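# Descriptive structure summary
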Amino acid sequence: MTDSVQEWARRLDAAATDRKPVAPLSADGLGEVSTAYDVQNALIGLRRDRGERLVGGKLGLTSRAKQIAMGVDKPLYGFVTSGMLCTSGERLHLGELIHPRVEPEIAFVLGAPLEGPDVQIADVLAATRYLVPALDVIDSRYEGFSFTHVDAIADNASSAAFALGDDLVAPRGDLASTGCVLEVDGRVVESAAGAAVMGHPAAAVAFMANQLAQVGGRLEAGWVVLSGGLTAPVPLRPGINVTATISGLGSVTLGAD
Ligand code: OOG
Ligand code: MG
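The sections below set out a description of the structure shown in this document. The model shown is predicted, which means the values in this text are computed figures rather than measured ones.

What counts, and at which threshold
Residues numbered from 1 in each chain as written. Chains lettered and ligands numbered in written order. Predicted model: local features only at pLDDT ≥ 70, side-chain atom pairs only at ≥ 80, totals over all residues. Heavy atoms only, no water. Phe/Tyr/Trp six-rings, centres within 6.5 Å; stacked < 30°, edge-to-face > 60°. Lys NZ or Arg CZ within 6 Å of the ring centre and 35° of its normal. 1 Å grid on protein atoms, 1.4 Å probe; cavity = no way out; pocket = protein on both sides within 12 Å on 5 of 7 lines; lining within 4 Å. Points joined across faces, edges and corners; volume = space filled by probe spheres on them. Helix = DSSP H or I, 4+ residues; strand = E, 2+ residues; numbered from the N terminus. Nonpolar A, V, L, I, M, F, W, Y, C, P; charged D, E, K, R; others polar. Buried < 20%, exposed > 50% of the residue type's maximum accessible area, 1.4 Å probe, protein only. Pairing = 2+ DSSP bridges.

## Observations concerning the packing of aromatic side chains
With the rule as written, the count across this model stands at 5 aromatic pairs. Within the aromatic cluster, the residues linked to one another by ring pairs are Y37, Y77, F79 and W223. If you follow R101 out to its NZ or CZ, it ends over the ring of F145, 4.0 Å from the centre.

## Here's the deal with empty space enclosed by the protein
Regions of empty space are outlined by a rolling probe, equal in size to a water molecule, passed over the atoms. This model, assessed by the stated rule, comprises 2 cavities of 30 Å³ or more. Size it by volume and the largest cavity reaches roughly 120 Å³. G60, L61, K66, A157 and S158 are the residues nearest the centre of the largest cavity, which is lined by 16 residues in total. At the level of secondary structure, the elements contributing two or more residues to the lining of the largest cavity comprise β1 (54-60), α3 (64-70) and β6 (128-138). Residue contributions to the lining of the largest cavity peak at 3 residues, all from β1. When its residues are assigned to classes, the lining of the largest cavity shows 8 nonpolar, 4 polar and 4 charged. When its volume is computed, the second largest cavity comes out at roughly 80 Å³. Around the second largest cavity, the lining residues are L12, D13, A16, L43, I44, R47, M84, R141, D155, N156 and S159. Of all elements in the fold, only α1 (3-18) and α2 (33-49) reach the threshold of two or more residues within the lining of the second largest cavity. Classifying every residue of the lining of the second largest cavity by side-chain character gives 5 nonpolar, 2 polar and 4 charged.

## Brief notes about the pairing of strand β5 (residues 101-110)
Counted residue by residue, β5 has 9 buried out of 10 residues, so it is predominantly covered. Here 10 bridges tie β5 to β6, and the two strands are oriented antiparallel to one another. Counterpart to E105 in the pairing with β6 is A134. In the sheet, β5 pairs with strand β11 (residues 234-235) via 2 bridges, with the strands oriented antiparallel. Across the sheet, residue V102 finds its bridge partner in β11, namely V234. Two elements, β5 and strand β10 (residues 224-226), share 3 bridges in a ladder whose sense is antiparallel. Bridge pairing in β10 places F108 opposite V225.

Now the structure itself:
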């Protein structure tokens, strides 16, 4: 691993720990997608050194709504760790975050590993034990929440925290037409159909499995995979209550103070 990969990972890790955002790494010479994933890997390594373990994967920028909101038009993937897992109904401490936003997602809990290449929607559904609604809290370590594709990859898809709903529902094939409603303090602020994510949210999980195959990786049994924000994200502010409801899958709530 090159010195700059380690240094960039330490810079992003310190930004999160100190709650001080940094300039995009692309302005400091980060250019290649493969190098960006090396930085991501080193960044996750720092969390693992502190005792966190991998609990799953996450997709980023898989819907047009997200791509437009962030000004980046290509999907990417990252990983979620035990330290990011929250309980539905929990209140987040804004003082521990930089400028967090939250977005509704459909999450897949895998009962079997998924190994690419050529993983398709049907393979994802066959490997899925449960579907569950998720709220993904993103907190870019970059100033102004502004980044390019490679910056967001290096920053592990802006991952900060996530919560899952309490109902575990067996996989179903109509996820493309499943509705999602995002409420802030009881008022609907965003809505989408499952198809907003790559035409079918399982296609996003397949995308991650197929991308991982190129570097000798796979999605593991027992992992949760967040398929990517269905709508534009909502900023978390003090006193807020956010609920995502996915039809047939139930709902999940997070608050912030
Ligand atoms: C990067 C992508 C994060 C998603 O679902 O699109 C993501 C970002 O928007 O900060 O989790
Ligand atoms: Mg997300």
